[in-house]
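Residue-level structure breakdown
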Amino acid sequence: MEITGLISALVIGVIVGGLGRLVVPGRQQISMVMTLVVGIAAALVGTFAASILGVSNTSGIDWIELALQVGLAAVGVTTLARRRSHQPQ
């Protein structure tokens, strides 16, 4: 992977993490750094899933791929927020 591909993956991951956090209702008790990590992971996994489903290369914006990524980010944010809320303080 070239440096431009890595930078674009990080930028997309940041956006996906933010959108995933916005989709989840209520306040999440996780840090912004963890949200960004979840977003980057969701972007990578969502891209892989879209390529397996055959919807990663469309003309224009890949709405299905983006929906997969944001959905995965929302699941990741929810999972981390619930795990954090159940830990003893």
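Residues numbered from 1 in each chain as written. Predicted model: local features only at pLDDT ≥ 70, side-chain atom pairs only at ≥ 80, totals over all residues. Heavy atoms only, no water.

1. Observations concerning the overall build of the chain
Let me state the cut-off plainly: Numbering of helices and strands runs from the N terminus; a helix is a DSSP stretch of H or I covering at least four residues, while a strand is a stretch of E covering at least two. A 1.4 Å probe and the Shrake-Rupley method give the accessible areas. Residues count as covered only by the protein chains that appear here.
Summing up its helical and strand segments, the chain has three helices and zero strands in all. The linear arrangement of helices and strands in the chain, starting from the amino end, is α-α-α. Projecting the C-alpha coordinates of the chain onto the three principal axes gives extents of approximately 45 × 25 × 20 Å. Surface exposure of the chain reaches about 6100 Å², of which carbon and sulfur atoms provide 69%.

2. Some details on the environment of Val33
Convention followed: Three labels apply to residues, based on accessible area from a 1.4 Å probe with only protein chains included: buried if under 20% of the type maximum, exposed if over 50%, partly exposed otherwise in between.
Relative to the helices and strands, Val33 is located in helix H2 (residues 32-53). You can call Val33 exposed: its relative accessible area is 55%. Residues Val33 and Ala67 lie 34 residues apart in sequence; the distance between their C-alpha atoms is 22 Å.

3. A few points about the confidence of the model for the chain
Spelled out, the test is: On a range of 0 to 100, pLDDT expresses the predictor's confidence in each residue.
Of all residues in the chain, 91% attain a pLDDT of 70 or more, and the chain-wide mean is 82. Helix H1 (residues 3-23) is the least confidently modelled element of the chain, averaging 81 in pLDDT, while H2 averages 87, the highest of any element.

4. Here we look at the side chain of Arg21
Counted only if it meets this: The positive count covers Lys and Arg only, the negative count covers Asp and Glu only, and His and the chain ends enter neither. Throughout this description, the term salt bridge denotes a Lys or Arg side-chain nitrogen within 4 Å of a carboxyl oxygen of Asp or Glu. Nitrogen and oxygen atoms within 3.5 Å of one another constitute a polar contact, given that in protein one can donate a hydrogen and the other can accept it, and given that sequence-neighbouring residues count only through two side-chain atoms. The contact criterion used throughout is that any non-hydrogen atoms of two residues lie within 4.5 Å.
Considering the arrangement of structural elements, one finds Arg21 in helix H1. Although Arg21 lies buried, it forms no salt bridge, and the closest oppositely charged side chain, Glu65, sits 23 Å away as judged by the N-O distance. A polar contact of 3.2 Å, which involves the side chain of Arg21, links it to the backbone oxygen of Gln28. Those residues in contact with Arg21, other than ones at most four positions away along the chain, are Gln28, Ile30, Ser31, Met32, Thr35 and Val77.

5. Details of the nonpolar core
Our working definition: We call a set of buried Ala, Val, Leu, Ile, Met, Phe, Trp, Tyr and Cys residues a nonpolar core when their side-chain atoms join them within 4.5 Å.
Core analysis: the biggest nonpolar cluster contains nine residues, these being Val16, Val24, Ile30, Val38, Ala42, Ala73, Ala74, Val77 and Ala81. Secondary-structure elements contributing two or more residues to this core are H2 and helix H3 (63-85). Tallying contributions element by element places H3 first for this core, with four residues. Each residue touching Val77, except ones within four places of it in the same chain, is listed here: Arg21, Val24, Gln28, Ile30 and Val38.

6. Things to note about H2
Applicable threshold: Take the residue count of a helix, subtract one, and multiply by 1.5 Å to get its expected span. An arc is given here, and it is the one of the directions from the helix axis to the C-beta atoms.
Helix length check: H2 (22 residues) gives 31 Å between terminal C-alpha atoms against 32 Å at 1.5 Å per residue, within 8%. Turning to H2, its buried residues number three or more, namely Thr35, Val38, Gly39, Ala42, Ala43, Gly46 and Ala50. The buried residues of H2 all sit within an arc of 145° when viewed along its axis, so they share a single face. Exposed and facing more than 90 degrees away from the buried side of H2 are Val33, Phe48 and Ile52.

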